[in-house]
Amino acid sequence: MSHSFKKIVIVGRLEDPRVTEPRDLLIEHLNSIGVDLLPQDEIEFADLVIAVGGDGTMLYASRLARQYATPILGVNRGRLGFLADVTPDEMIDSVDHVLKGNFSTDSRLLLEARLLQASGEEQVAYALNDVVLQRRETGRMVDFETRVDGRYVNTHSGDGLIIATPTGSTAYALSCGGPIMEPHLDAIVLVPVCPHTLTDRPIVIAADRSVEISLLERDDTKAEITVDGFSMGGITPDDKLRISAANKRVTLVHPPGYDFYGILRSKLFWGRDSRNREG
């Protein structure tokens, strides 16, 4: 066993039968080789987090591990899963490779979202995938302005805006026409959601830039901010949303054979000839 990973925390949705079986098998195996398994509330003492589930579980694990810079290994039991790259069939062998020191690491950009409210209050949240401005409880579009490092970029009308990391480029941003970015890039992508004008296109900026979003005053305007799918609360025209790269990053652990492009081919069915060859 590697001297680096002596204490491990396992996270996963216990109520999900797809997670329970591999999780129990993993616990049994780790106990048999003398690994010290810790509960989630002792994650500050852990050397490694193993997340068993889909990308939602990986995002949850990242929230737990971020503060202590604890690396994360993902076992995929979700439907799509770009983050957790170990399959259940490979789980024991992959974990053994990692514990023996045969692994690679991947440092992922985190976004810091600050909602500066007119009342003077400030909310802060962190995103591994994305920060999203979206309309709420209304059929009307939202109108808002974006600025990058204080410089005016555009006035938008539509359903909202996604500010995504390279990790999040294969999530919600992808479904809205955003580009796929290699995970190691220090970049952020701004992707309009259902823009009113077709010229309102995604834009990629350097990660050291700061993005500011202001909601414009319109009748029946209601919008909210979500961070990795969790609501940060509503935003009004008097508030400011500022997004920048966080000081901390999330480290993912990969067993031998990790290939980002291989994951894309597997999940997006690239490289397959779907044409009907009959007739």
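Position numbers for residues start from 1 in each chain and track the written sequence from start to end. Local features in this predicted model are restricted to residues of pLDDT 70 or higher, and side-chain atom pairs are both shown and tallied only at a pLDDT of 80 or more, whereas totals for entire chains, interfaces and linings draw on every residue. In computing side-chain properties, one takes all heavy atoms of the structure into account and sets aside hydrogens as well as water.

Enquirer: I'm lost on a negative patch on the surface in this one. Help?
Expert: In this scheme, patches are assembled from residues that exceed 30% relative accessible area and form no salt bridge. Like charges are connected within 9 Å, while nonpolar side chains (Val, Leu, Ile, Met, Phe, Trp, Tyr) are connected within 5 Å. We get accessible surface area from the Shrake-Rupley algorithm with a probe of 1.4 Å; when it comes to residues, only the shown protein chains can shield them. A pairing counts as a salt bridge when a side-chain nitrogen of Lys or Arg comes within 4 Å of a carboxyl oxygen of Asp or Glu. In this charge count, Lys and Arg are treated as positive and Asp and Glu as negative; neither His nor the chain ends contribute. We put the charge of a Lys on NZ, of an Arg on CZ, of an Asp on CG and of a Glu on CD. A contiguous patch of negative charge on the surface is contributed by Asp-36, Asp-41, Glu-42 and Glu-44. Secondary structure elements follow DSSP: runs of H or I of four or more residues count as helices, runs of E of two or more count as strands, with numbering from the N terminus. Note that Glu-42 resides in the loop between β2 (36-38) and β3 (48-53). With relative accessibility at 32%, the residue Glu-42 sits in the partly exposed group. The buried label goes to any residue with under 20% of its type's maximum accessible area, the exposed label to any with over 50%, and the partly exposed label to all in between, with areas taken from a 1.4 Å probe on protein chains only.

Enquirer: So what exactly am I meant to see when it comes to the packing of aromatic side chains here?
Expert: The description of two aromatic rings rests on the distance between their centres and on the angle between their planes. Two rings from Phe, Tyr or Trp (for Trp, the six-membered ring) form a pair when their centres are within 6.5 Å of each other. A pair whose planes differ by under 30 degrees is stacked, one over 60 is edge-to-face, and the rest are tilted. Scanning the entire structure with this criterion turns up two aromatic pairs. When the centroid spacing of 5.6 Å and the interplanar angle of 65° are considered together, the rings of Phe-260 and Tyr-261 count as edge-to-face. Judged by its relative accessible area of 15%, Phe-260 falls in the buried class.

Enquirer: Is there a simple way to explain the pattern of salt bridges in this structure?
Expert: As a working rule, side chains carrying opposite charge can pair if their charged atoms are close by. Counted by the stated rule, this structure contains 14 salt bridges. Between Asp-16 and Arg-18 there is a salt bridge, and its shortest N-O distance comes to 3.1 Å. With a closest N to O distance of 3.7 Å, Arg-209 and Asp-149 form a salt bridge. On the criterion of sequence distance, the pair formed by Arg-209 in the loop between β13 (203-206) and β14 (211-215) and Asp-149 in the loop between β9 (142-148) and β10 (151-158) is long-range, its members being 60 residues apart. In this structure Arg-209 comes out as partly exposed when scored by relative accessible area, which is 30%. When salt bridges that share partners are traced, they join Glu-112, Arg-114 and Glu-122 into one network.

Enquirer: Help me understand the packing of helix α1 (residues 17-32) against helix α3 (residues 91-99), please; the structure alone is not making it clear to me.
Expert: Between two packed helices, what matters for the description is the angle formed by their axes and the separation of those axes. A fitted line through C-alpha atoms serves as each axis, taken over the contacting stretch for helices, and the angle formed by two N-to-C directions is quoted from 0 to 180°. For the pair α1 and α3, interaxial distance at closest approach is 11 Å and the crossing angle is 40°. When the axis of α1 is compared with that of α3, the two are oblique. Two packed elements cross with a definite hand, and for α1 against α3 that hand is right-handed. Along its contact with α1, which presents Pro-22, Leu-25, Leu-26, His-29 and Leu-30, the element α3 presents Met-91, Ile-92, Val-95, Asp-96 and Leu-99. What sets the label is the angle itself: under 35 degrees gives roughly parallel, over 145 gives roughly antiparallel, 65 to 115 gives roughly perpendicular, and the rest give oblique. Two helices that cross are described as forming a left-handed crossing if the nearer one is turned anticlockwise from the farther one by less than a right angle, and a right-handed crossing if clockwise. Any two residues having at least one pair of non-hydrogen atoms within 4.5 Å are treated as being in contact.

Enquirer: What should I look at first to understand the sheet that holds strand β15 (residues 223-227) in this one?
Expert: Each strand in a sheet pairs with another by means of backbone hydrogen bonds, the pair being arranged parallel or else antiparallel. Any two strands with at least two DSSP bridges between them are considered paired. Here we have six strands laid out as an open sheet, ordered β13-β12-β11-β8-β15-β16, and antiparallel in their pairing. Sheet topology places β13 and β16 (230-235) at the edges, where each strand pairs with a single neighbour. Between one strand and the next, the sheet's axes are offset by a mean angle of 20°, whatever the strand orientation.

Enquirer: Teacher, can you tell me more about the side chain of Glu-212 here?
Expert: Mapped onto the secondary structure, Glu-212 falls in strand β14. For Glu-212, a relative accessible area of 18% puts it in the buried group. In protein, a polar contact requires one atom able to donate a hydrogen and another able to accept it; more generally it is a pair of N or O atoms within 3.5 Å, and residues adjacent in sequence count only if both atoms are side-chain atoms. At 2.7 Å, the side chain of Glu-212 and the side chain of Arg-242 are in polar contact. Contacts of Glu-212, omitting those with residues within four sequence positions, involve Glu-145, Thr-146, Arg-147, Lys-240, Leu-241 and Arg-242.

Enquirer: Help me understand the environment of Val-142, please; the structure alone is not making it clear to me.
Expert: Note that Val-142 resides in strand β9. For the pair Val-142 and Phe-45, spaced 97 residues apart in the sequence, the C-alpha separation amounts to 45 Å.

Enquirer: Mind showing me how you'd approach the nonpolar core here?
Expert: What tends to happen in soluble globular proteins is that the nonpolar side chains get buried as a cluster. By size, the foremost hydrophobic cluster in this structure holds 27 residues, and its most contacted members are Val-131, Ile-213, Leu-241 and Ile-243. Within the second largest apolar cluster, 19 residues are counted, among which are Val-9, Val-11, Leu-59 and Val-250. As used in this record, nonpolar core signifies buried Ala, Val, Leu, Ile, Met, Phe, Trp, Tyr and Cys residues forming a set joined through side-chain atoms within 4.5 Å.

Enquirer: I keep staring at unusual backbone geometry and nothing clicks. Help me out?
Expert: Most of the time, phi is negative for any residue but glycine, and the peptide bond is trans. Of note, the phi angle at Cys-194 is positive, near 45°, even though the residue is not glycine. Note that Cys-194 resides in the loop between β12 (187-193) and β13. The backbone phi angle of Phe-269 is positive, close to 60°, even though this residue is not glycine. Within the secondary structure, Phe-269 sits in the segment after α5 (260-268).

Enquirer: Would you mind going over the sheet that holds β3 with me for this structure?
Expert: Strands sit in the order β2-β1-β3-β4-β18-β5 across an open sheet of six strands; the sheet is mixed. Strands with a single pairing partner mark the edges of an open sheet, and in this sheet they are β2 and β5 (104-108). Shown here is a sheet whose adjacent strand axes are inclined to one another by a mean of 35°, direction ignored. Sheet topology note: the strand β1 (residues 7-11)/β2 ladder contains three bridges and is parallel. Looking at β2, one finds that Ile-8 is bridged to Leu-37. Contacting β1, β3, β4 (72-76) and β18 (250-254), helix α2 (residues 55-65) runs over the sheet at an angle of about 155° to β3. Across the sheet, α3 lies against β1, β3, β4 and β18, angled at about 170° from β4, the strand it touches most.

Enquirer: In this structure, what is going on with the pairing of strand β17 (residues 240-245)? I would like to understand it.
Expert: Here is the key point about a regular strand: its side chains alternate between the two faces of the sheet. The pairing of strand β6 (residues 111-116) with β17 spans six bridges and is classified as antiparallel. Counterpart to Arg-114 in the pairing with β17 is Arg-242. The pairing of β14 with β17 spans three bridges and is antiparallel. Paired with Ile-213 across the bridge in β17 is Leu-241.

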